[in-house]
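Fold and contact review
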Amino acid sequence: MSTTTERIAAGPGTGRRRGGWWAALAGVVAAGAGLALAELLAAFVDPASSPVLAAGAAVVDAVPPGLKDLAIAWFGTADKVVLLVSIGVVLAAGAALAGVLEQRRPPAGVVLLGAVGVVAGVVAALRPGATVVWAVPSLVGVGAAVPLLRALVARVPGATGSAVGAVPGAQGVARREFLVWTGLSAAAGLVALGASRAVSAGGRAVQAVREAIRLPAPATTAPPVPAGAELDVDGLATYLTPNETFYRIDTALRVPQVNPEDWSLTVTGLVDEPFTITWDDLLALPLTEHHVTLACVSNQVGGDLIGNALWLGYPVRELLSRARPQAGADMVLSRSVDGFTAGTPLEVLLEDDRDCLLAVGMNGEPLPPEHGFPARLVVPGLYGYVSATKWVTELKVTRFADDEAYWTPRGWSALGPIKLSSRIDVPRPGDNLAAGTVTVAGVAWAQHTGIGRVEVRVDDGDWVAAEVADTVGPDTWRQWRYDWDAAPGDHLVAVRATDAGGVVQTDAQAPPAPDGATGWHTIPLTIM
Ligand SMILES: Nc1nc2c(c(=O)[nH]1)N[C@H]1C(S)=C(S)[C@@H](COP(=O)(O)O)O[C@H]1N2
Ligand SMILES: [Mo]
């Protein structure tokens, strides 16, 4: 055991210190090779059984609602990348620590590595939809990493207690042997990683199936989008949002790859006639087309977690009627392959004049994988977290008193009707604007009720009516514009909407949690 004086004496650049860096490198390489092996096995077991993805998913599920909002506010849709990179940094630091510990206080490094591996295995096996087999990639990975760590640390050059390095004059040989071992281990890890990529070609197979799909023509077509729905203002959100730029929000770190051939939807729970339909059954049914503006409850005032698309699908109402819900039921818990659930009021789904769809198409093509391929729910008027389950495989008719959806115990309201809102898209704060006519434009939405009026206010002036564009119906947003005669100076421009029922958008400011943000979108503009 080293004494304090010895440790102080061993300053920067000494053998001991260098041994520490080598040991850290040994830790990173051993853990990395083990992880790569785990990834390779996970590609066979289930991609979501990968220790990194399983741990990441567990972190996502455990994150308190306030933090989720912050993550979305700071990183937007990049929050997942940020999470995965953070996990990588923590893992690398932990692995380096394990290397150093194993060198200085054996078997502390092995114990640390082993414990992390076992915990990862347990976490993976406890994921929704997981089986005990999901623990295998983590356990085998750590099973390989532990002896590798011992072997590499034993070859750390120049370290006290190191078998080879202790012999004076043998430093060069020792270093070479260590580097050969670490190099080979790292190479093996990279090969395993490459192989895991090749094996998870399952994702590409689903992609190919998706591209080959020709969706049937709708039995009930949507009304054509009127020419007057598009005001053609530069920088204004288009009436229809292209799939490529449609916002994406979900808890999935890796987009679930669901092959329609293996997919089915089961209607179950408090029903007289539970049943299951396959992909072919679904496509053989008369499908309906409908434009719906989807919105996320996490959207801030003025935010962009909202988009409008043409959906193609089968009315959920028909599916439910066929199953014949029992008296007392008041909720449908829809479940995704990835374990996510949403709780939707049964009566909303049964309404005759509300086109709630089990959707298979989005803007004329099969759902993109990240938007729920092969099937998802779309409910006009409700936030996505209580209605829009992607990769949906089960509709369980139940009661709010008996079942809770994913976000409910995480601080979000069980009920989530979309709040009347409006947004300014142009100009942007900071734009160079000259005095004279400045076009202010944006969108306003009150799904399923419809927008009646949009007004703009500059500074402390009066509210003045904006021009409101056409729409296909009440379930989508509407564009609006106002040609403002702008005078030089600093100004605050605000917008507010009134719904088709005469309700005026509130100026009371509320944050997204627990049931949606409110307040008037107000932006500062400087006119030169
Ligand atoms: N399986 C699954 N479906 C989900 C979610 C999820 O996390 N997992 N998030 C919901 C939320 S919060 C929203 S706002 C919408 C977003 O749908 P989009 O990503 O297609 O825009 O999907 C909903 N469906
Ligand atoms: Mo959402």
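Calculation criteria
- Residues numbered from 1 in each chain as written.
- Chains lettered and ligands numbered in written order.
- Predicted model: local features only at pLDDT ≥ 70, side-chain atom pairs only at ≥ 80, totals over all residues.
- Heavy atoms only, no water.
- Helix = DSSP H or I, 4+ residues; strand = E, 2+ residues; numbered from the N terminus.
- Buried < 20%, exposed > 50% of the residue type's maximum accessible area, 1.4 Å probe, protein only.
- Contact = heavy atoms within 4.5 Å.
- Lys, Arg positive; Asp, Glu negative; His and termini not counted.
- Charge placed at Lys NZ, Arg CZ, Asp CG, Glu CD.
- Near = heavy atom within 4 Å.
- Polar contact = N/O pair within 3.5 Å; in protein donor to acceptor, adjacent residues only side chain to side chain.
- Areas by Shrake-Rupley, 256 points an atom, 1.4 Å probe, with all protein chains shown as cover.
- Nonpolar A, V, L, I, M, F, W, Y, C, P; charged D, E, K, R; others polar.
- Core = buried A, V, L, I, M, F, W, Y, C linked by side-chain atoms within 4.5 Å.
- Salt bridge = Lys/Arg side-chain N within 4 Å of Asp/Glu carboxyl O.
- UniProt positions renumbered as here; feature names shortened; annotations may be inferred.
- Patch = residues over 30% accessible without salt bridge, like charges linked within 9 Å, V, L, I, M, F, W, Y side chains within 5 Å.
- Pairing = 2+ DSSP bridges.
- Expected span 1.5 Å × (residues − 1).
- Phe/Tyr/Trp six-rings, centres within 6.5 Å; stacked < 30°, edge-to-face > 60°.
- Lys NZ or Arg CZ within 6 Å of the ring centre and 35° of its normal.
- Axes fitted to C-alpha atoms, helices over the stretch in contact; angles between N-to-C directions.
- Parallel < 35°, antiparallel > 145°, perpendicular 65-115°, else oblique.
- Left-handed = near helix turned anticlockwise from the far one by under 90°.

**Structural notes on the overall build of the chain**
Counting its regular elements, the chain contains 12 helices and 18 strands. With respect to the three principal axes, the spread of C-alpha positions in the chain is 90 × 65 × 45 Å. Burial status across the chain gives 49% buried among its 528 residues. Long-range pairs, those at least 24 residues apart, make up 74% of the contacts in the chain with a sequence separation of at least 6. In the chain, the 37 positive side-chain charges and the 51 negative ones have mean positions that sit 15 Å from each other.

**Looking at unusual backbone geometry**
Of note, the amide linkage connecting Pro-106 to Pro-107 takes the cis form, showing an omega dihedral of 5 degrees. With respect to the secondary-structure elements, Pro-107 resides in the loop between helix 5 (79–104) and helix 6 (108–125). In this structure, the amide linkage connecting Val-426 to the following residue, Pro-427, adopts the cis form with an omega of -10 degrees. Along the chain, the position of Pro-427 falls in the loop between strand 11 (421–426) and strand 12 (436–445).

**Considerations on the site of ligand 1**
Around ligand 1 sit 19 residues, and of these Tyr-247, Thr-251, His-371, Arg-376 and Lys-390 come closest. In the environment of ligand 1, an oxygen atom lies 2.7 Å from a nitrogen or oxygen atom belonging to the backbone of Tyr-247. Note that an oxygen atom of ligand 1 is positioned 2.7 Å from one of the side-chain N or O atoms of Arg-376. Protein contact buries 99% of the 530 Å² of open area that ligand 1 shows by itself. The class makeup of the residues in the shell around ligand 1 is nine nonpolar, five polar and five charged.

**A look at the nonpolar core**
Note that soluble globular proteins tend to have their nonpolar side chains buried in a common cluster. The biggest cluster of nonpolar side chains holds 83 residues, and the ones touching the most others in it are Leu-265, Trp-311, Leu-358 and Leu-395. Core analysis: the second largest hydrophobic core is formed by 22 residues, Ala-446, Val-456, Tyr-482 and Ala-497 among them.

**Describing the pattern of salt bridges**
This model, assessed by the stated rule, comprises 18 salt bridges. A salt bridge links Arg-127 to Asp-61; the shortest N-O distance between them is 2.9 Å. With a gap of 66 residues between them, Arg-127 in the loop between helix 6 and helix 7 (136–154) and Asp-61 in helix 3 (residues 51–62) connect regions that are remote in the sequence. The exposure class of Arg-127 is buried, given its relative accessible area of 14%. Here Arg-324 ties to Glu-273 by a salt bridge, and the two come within 3.0 Å at their closest N and O atoms. Within this pair, whereas Arg-324 is found in the loop between helix 11 (316–323) and strand 5 (331–336), its partner Glu-273 is found in the loop between strand 1 (264–269) and strand 2 (275–278), the two being separated by 51 residues in sequence.

**Comments concerning the UniProt feature "domain: Oxidoreductase molybdopterin-binding" (unreviewed entry) in the chain**
Annotation from UniProt places "domain: Oxidoreductase molybdopterin-binding" (unreviewed entry) at residues 253–403. Along residues 253–403 one finds 13% helix and 38% strand; the C-alpha atoms at either end are 25 Å apart.

**So, a nonpolar patch on the surface**
Residues Leu-67, Leu-70, Trp-74 and Phe-75 make up a contiguous nonpolar surface patch of roughly 420 Å² in combined accessible area. Mapped onto the secondary structure, Leu-70 falls in helix 4 (residues 65–75).

**Re the pairing of strand 1**
For strand 1 and strand 2, the ladder comprises four bridges, and the chain directions are antiparallel. Within the sheet, the bridge partner assigned to Val-267 lies in strand 2 and is Phe-275. From the end of strand 1 to the start of strand 2, which pair antiparallel, there are five residues.

**Quick word on helix 8 (residues 171–199)**
The end-to-end C-alpha distance of helix 8 is 42 Å, a good match for the 42 Å that 29 residues give at a rise of 1.5 Å each. For helix 8, the set of buried residues is Ala-174, Phe-178, Thr-182, Ser-185, Gly-189, Ala-192 and Ser-196.

**Let's talk about the UniProt feature "transmembrane region" (unreviewed entry) in the chain**
The residues that UniProt annotates with the feature "transmembrane region" (unreviewed entry) are residues 21–45, 81–101, 108–126 and 132–153. Across residues 81–101, helical content stands at 100% and strand content at 0%; the span's end C-alpha atoms are separated by 30 Å. In residues 108–126, helix accounts for 95% and strand for 0%; the two terminal C-alpha atoms are 27 Å from one another.

**Focus on the environment of Ala-188**
Assignment of secondary structure puts Ala-188 in helix 8. Look at Ala-188 and you get partly exposed, because its relative accessible area is 46%.

**Describing the side chain of Thr-182**
Here Thr-182 shows up in helix 8. When sequence neighbours within four positions are dropped, the list of residues in contact with Thr-182 reads Leu-25, Ala-26, Val-29 and Leu-152.

**Thoughts on the packing of aromatic side chains**
Under the criterion given, the structure shown has 10 aromatic pairs. With a centroid separation of 6.5 Å and 70 degrees between ring planes, the pair formed by Trp-407 and Trp-412 is classed as edge-to-face. Among the aromatic side chains, those forming a connected cluster through ring pairs are Phe-340, Tyr-385, Tyr-406, Trp-407 and Trp-412. The positively charged end of Arg-410 is found above the aromatic ring belonging to Tyr-406, 3.8 Å away from the centroid.

**Brief notes about the packing of helix 3 against helix 6**
Helix 6 packs onto helix 3 with a crossing angle of 65 degrees between their chain directions and a minimal axis gap of 9 Å. What the angle tells us is that helix 3 and helix 6 run roughly perpendicular. Handedness of the crossing formed by helix 3 with helix 6: left-handed. Contacts between helix 3 and helix 6 involve Pro-51, Ala-54, Ala-55 and Ala-58 from the former and Ala-120, Val-123 and Ala-124 from the latter. Per-class residue counts for the contact of helix 3 with helix 6 are seven nonpolar, no polar and no charged.

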